[in-house]
Amino acid sequence: MTSTPQKTAIKGGEFLIRETPAQDIFIPEDWTEEQRMIAQMCRDFLEQSVFPNLDAIDQMDAGLMPSLLQKAGELGLLGISVPEAYNGIGKDFVTSMLTTEVLGAGHSFAVALSAHTGIGTLPILYYGTEAQKEKYVSKLATGEWKGCYCLTEPGAGSDANSGKTRATLSADGTHYLLNGQKMWITNAGFADVFTVFAKIDADANLSAFIVEKGYEGLSLGAEEHKMGIKGSSTRQVFFNDCKVPVENLLSERGNGFKIAVNILNLGRIKLGGAALGAAKEVINKAINYSNEREQFGRLISKYGAIRQKLAEMAVRTYSSEAATYRASQNIDDATKAYMEGGMDEAMAKLKGTEQFAIEAAIIKVHASEALDYVVDEGVQIYGGMGYSAEAPMDRAYRDARINRIFEGTNEINRLLSVDMMLKRAMKGELALMVAAEKVAGELMSIPDFGGDEPDAFGKLHNYVSGFKKAVLMAAGGAVQKLMEKLSKEQEVILALADMLMETYVAESVLLRVEKLSGQTGDTHLQMALAQTYIYDAADRIHRAGRIAINAFAEGDEKRMMLMGLKRFTKVEEINTVALRKTIADQLISGNRYSF
Ligand SMILES: Cc1cc2nc3c(=O)[nH]c(=O)nc-3n(C[C@H](O)[C@H](O)[C@H](O)COP(=O)(O)OP(=O)(O)OC[C@H]3O[C@@H](n4cnc5c(N)ncnc54)[C@H](O)[C@@H]3O)c2cc1C
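Every value quoted in this text rests on a predicted model; they were computed, and no experiment measured them. (Residues numbered from 1 in each chain as written. Predicted model: local features only at pLDDT ≥ 70, side-chain atom pairs only at ≥ 80, totals over all residues. Heavy atoms only, no water.)

A. Up close: the overall build of the chain. Counting its regular elements, the chain contains 19 helices and ten strands. Here the C-alpha radius of gyration of the chain, 24 Å, is about what a compact globule of 595 residues would show, namely 25 Å. Across the 595 residues of the chain, 58% fall into the buried class. Between the averaged position of the 65 positive side-chain charges in the chain and that of its 77 negative side-chain charges there is a distance of 3 Å. (Helix = DSSP H or I, 4+ residues; strand = E, 2+ residues; numbered from the N terminus. Rg over C-alpha atoms; globule rule 2.2 N^0.38 Å. Buried < 20%, exposed > 50% of the residue type's maximum accessible area, 1.4 Å probe, protein only. Lys, Arg positive; Asp, Glu negative; His and termini not counted. Charge placed at Lys NZ, Arg CZ, Asp CG, Glu CD.)

Have a look at this one:
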């Protein structure tokens, strides 16, 4: 099984102030035989049913996408996280993340599937009554019915709680009348079940409703013409005195925004998983192409310019993967602990995910940006063919871009990651201020150069521990200096968010390789990935730290903090050109991404 009983429980966000032993984290190398088989089943599905149909999917051939979802449902792929009682197979979160990752390579199909299994199914699974779950989730899990989630409106995107769609109770009290308009709704064109967010009367907060396709007063706009994911149905949904039975109110009146936020927490980390799958697929194609294309009498995979790109694509993907599965297992562990404390399964899963909402926001941003880097370099490696609509990079490039926009834009997720950290500190849930004060004290002291020379992992741990100090110092300084004005200084928060993200991912990749080294003999390739990431992360953290500190500090305080930042992000010089050569050798000789 995936959990180790002797683990010390860690809270969300606590990574910044606590050391995590490597053996406590889940790494993809820990997959069980059963999990590998599930992953293979997903891969086979893509190979047999999705990849041969990519053009037809993008042309929106009538009935194709719903039939693919139906087929996936028959194989059990839509019910991975749904309990057996509702026709699912009830697997844990890391397993559902694995299927999300593998299927994430499926372009528009991946989006339709994620929307259906995530935002289309989970609100009802987690917040529905027994009768609602039996009626809807049982059919969504098999693919008999398809689901979608209607939150966004023309005037309410990032500010999702500001929607104008209204619900009023009918005079006889039997149903609500919904009036309004939703926009950008994935799967709307063929969905049978719509989870719709609307305010009842003049409520301040949203409520949520389960709406069926056939309800009077529901109509659809035309398909949107999009930059990418062209095969994914995206439409407006209109409600004109749409009659929704009172028993289809989901959860309680006014609870909709909470539902939306909690489901988005899950969606964010899942998006990270899907981006990984897409990135690995692009890396494989780029390696294959560079091993076939000759210029100046040599394969382009022999050129350093191409090799360093392939290596960096792998570095970012591998590191993002480390963070994604680390946090996924944290969610499983927290869920288990809540259930052991007497909480029911649905609530425990929600609480477990909420606990790691900071990590989920970080992963959403990191993985989507890693994917954008990967597809961009993928196009470049293909040269002119990268720009051809006949070759695969065109679709990969266009389809990747949406990931930085939906499930909360990357700006919103960056802002949220820092905001959630600070709020937890204010509430006394995270001892950040004590840790920040300790770092501030350290700034005044002379650095300790004594002690034995650490081994390679010891050195990397020292670097990551320095990164944490850099974040604590900059964030602590910003809070102290700007106080309540900090929330208005988005540029500073975004820089702090980058520092936080780089620190989490750097630690995750280090822990992954450290754990792996205890399991297998030779990890020099993985070490090269970790060292490259961490070395570059030091620069990125240093840069973001300077931006933040220069924006809020002055005089001696600024000088002191900048010196501290330099100290906390100092890493020994290493030859990353050589490290990337080692990584590229492995990719090119194996002709595939194999980490
Ligand atoms: C293809 C596609 C599929 C989608 N699927 C669904 C779906 O199934 N269901 C659903 O409900 N929604 C869906 N969405 C909507 C999506 O979640 C929103 O587009 C997204 O949340 C951003 O909202 P917006 O488009 O209104 O952008 P806006 O909120 O207008 O943002 C515009 C820009 O301003 C920035 N910004 C906004 N507010 C702030 C702030 N406070 N501080 C700093 N910067 C800010 C944003 O980061 C962005 O860069 C989908 C969108 C697309 C394009």
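Anyway, onward from the coordinates.
B. Geometry of the pairing of strand β1 (residues 147-150). Going residue by residue along β1, you find Gly147 and Tyr149 tucked away on one face and Cys148 and Cys150 tucked away on the opposite face as well. Pairing of β1 with strand β4 (residues 193-200) involves four bridges; the strand directions are parallel. When the bridges of β4 are listed, cysteine 150 appears paired with valine 196. (Pairing = 2+ DSSP bridges.)

C. Fine view of empty space enclosed by the protein. Taken as a whole and judged by the stated rule, the model has three cavities of 30 Å³ or more. Roughly 130 Å³ of internal volume is contained in the largest cavity. In terms of lining residues, the largest cavity is bounded by 14 residues, among which Leu16, Leu422, Leu432, Val471 and Ala475 are the most central. Of all the secondary-structure elements, those providing two or more residues to the lining of the largest cavity are α13 (410-426), α14 (432-444), α15 (456-482) and α16 (490-517). The element that contributes the greatest number of residues to the lining of the largest cavity is α15, accounting for five residues. In this structure, the second largest cavity spans a volume of roughly 100 Å³. Around the second largest cavity sit Leu77, Leu78, Ile80, Ser81, Val82, Ser96, Thr99, Thr100, Leu113, Thr117, Leu122 and Lys270, which together line it. Among the elements of the structure, α4 (93-103) and α5 (107-117) are those that each provide at least two residues to the lining of the second largest cavity. (1 Å grid on protein atoms, 1.4 Å probe; cavity = no way out; pocket = protein on both sides within 12 Å on 5 of 7 lines; lining within 4 Å. Points joined across faces, edges and corners; volume = space filled by probe spheres on them.)

D. Spatial organisation of the packing of aromatic side chains. One pass over the full model with this rule turns up eleven aromatic pairs. Measuring from centroid to centroid gives 5.1 Å for tyrosine 176 and phenylalanine 209, while their planes differ by 65 degrees, and the two rings are edge-to-face. Taken together, the residues span a long stretch of sequence, with tyrosine 176 in strand β3 (residues 175-186) and phenylalanine 209 in strand β5 (residues 207-212) at a distance of 33 residues. The exposure class assigned to tyrosine 176 is buried, which follows from its relative accessible area of 10%. With a centroid separation of 6.3 Å and 80 degrees between ring planes, the pair formed by tyrosine 318 and phenylalanine 595 is classed as edge-to-face. With tyrosine 318 in helix α9 (residues 304-340) and phenylalanine 595 in the segment after α19 (576-590), this pair connects stretches of sequence that are 277 residues apart. Exposure remark for tyrosine 318: the relative accessible area of 0% places this residue in the buried category. The class for phenylalanine 595 is buried, based on a relative accessible area of 14%. (Phe/Tyr/Trp six-rings, centres within 6.5 Å; stacked < 30°, edge-to-face > 60°.)

E. A look at α19. With 15 residues, α19 extends 21 Å between its outermost C-alpha atoms, agreeing within 8% with the 21 Å of an ideal straight helix rising 1.5 Å per residue. Among the residues of α19, those classed as buried are Thr576, Leu579, Arg580, Ile583, Ala584, Leu587 and Ile588. Projected onto a plane normal to the axis of α19, the buried residues spread over an arc of 160 degrees and lie on a single side. Against α8 (256-290), α9 and α17 (524-552) lie the buried residues of α19. Two or three places before valine 577, at the opening of α19, asparagine 575 has a side-chain oxygen 3.1 Å from that residue's backbone nitrogen. Asparagine 591 occupies a position one or two residues after α19 and carries a positive phi of about 55 degrees. (Expected span 1.5 Å × (residues − 1). Arc of directions from axis to C-beta. Contact = heavy atoms within 4.5 Å. Polar contact = N/O pair within 3.5 Å; in protein donor to acceptor, adjacent residues only side chain to side chain.)

F. View of the packing of α17 against α19. As a packed pair, α17 and α19 sit with axes 9 Å apart at the nearest point and diverge in direction by 140 degrees. When the axes of α17 and α19 are compared, the pair comes out oblique. Seen from above, α17 lies across α19 with left-handed handedness. Contacts between α17 and α19 involve His524, Leu525, Ala528, Leu529, Gln531, Thr532, Tyr535 and Asp536 on the former and, on the latter, Thr576, Leu579, Arg580, Thr582, Ile583 and Gln586. (Axes fitted to C-alpha atoms, helices over the stretch in contact; angles between N-to-C directions. Parallel < 35°, antiparallel > 145°, perpendicular 65-115°, else oblique. Left-handed = near helix turned anticlockwise from the far one by under 90°.)

G. Here's a closer look at the side chain of threonine 165. Relative to the helices and strands, threonine 165 is located in the loop between β1 and β2 (166-169). Reaching out from threonine 165, the side chain makes a polar contact with the side chain of glutamate 153 at a distance of 2.7 Å. Residue contacts for threonine 165: discarding those within four places in its chain leaves Glu153, Asn179, Gly180, Gln181, Lys182, Phe197, Ala198, Lys199 and Phe239.

H. Spatial organisation of the pairing of strand β7 (residues 234-245). Relative to β7, β3 is paired through nine bridges, and the arrangement is antiparallel. Opposite leucine 178, over in β7, you have cysteine 242 as the bridge partner. Examined bridge by bridge, strand β6 (residues 218-220) and β7 share three bridges and lie antiparallel to one another. If you follow leucine 220 over to β7, its bridge partner there is valine 237.

I. The arrangement of the site of the ligand in detail. Not every one of the 19 residues close to the ligand is listed here, only the nearest: Thr152, Ser158, Trp184, Thr409 and Glu411. In the model, a nitrogen atom of the ligand is placed 2.7 Å from a nitrogen or oxygen of the tryptophan 184 main chain. Going through the elements one at a time, β3 and α13 are the ones with two or more residues in the shell around the ligand. Per-class residue counts for the shell around the ligand are eleven nonpolar, six polar and two charged. (Near = heavy atom within 4 Å. Nonpolar A, V, L, I, M, F, W, Y, C, P; charged D, E, K, R; others polar.)

J. Fine view of the nonpolar core. Judged by nonpolar contacts, the single largest core of 200 residues is most densely connected at Phe109, Leu178, Phe209, Val211 and Phe467. When residues of this core are assigned to their parent elements, the largest contribution, 16 residues, is made by α16. Discounting chain neighbours no more than four positions away, the residues touching leucine 178 are Arg166, Ala167, Val196, Ala198, Phe209, Val211, Phe239, Asn240, Asp241, Cys242 and Val244. (Core = buried A, V, L, I, M, F, W, Y, C linked by side-chain atoms within 4.5 Å.)

Take it as geometry only, folks, not as evidence of what the structure does.
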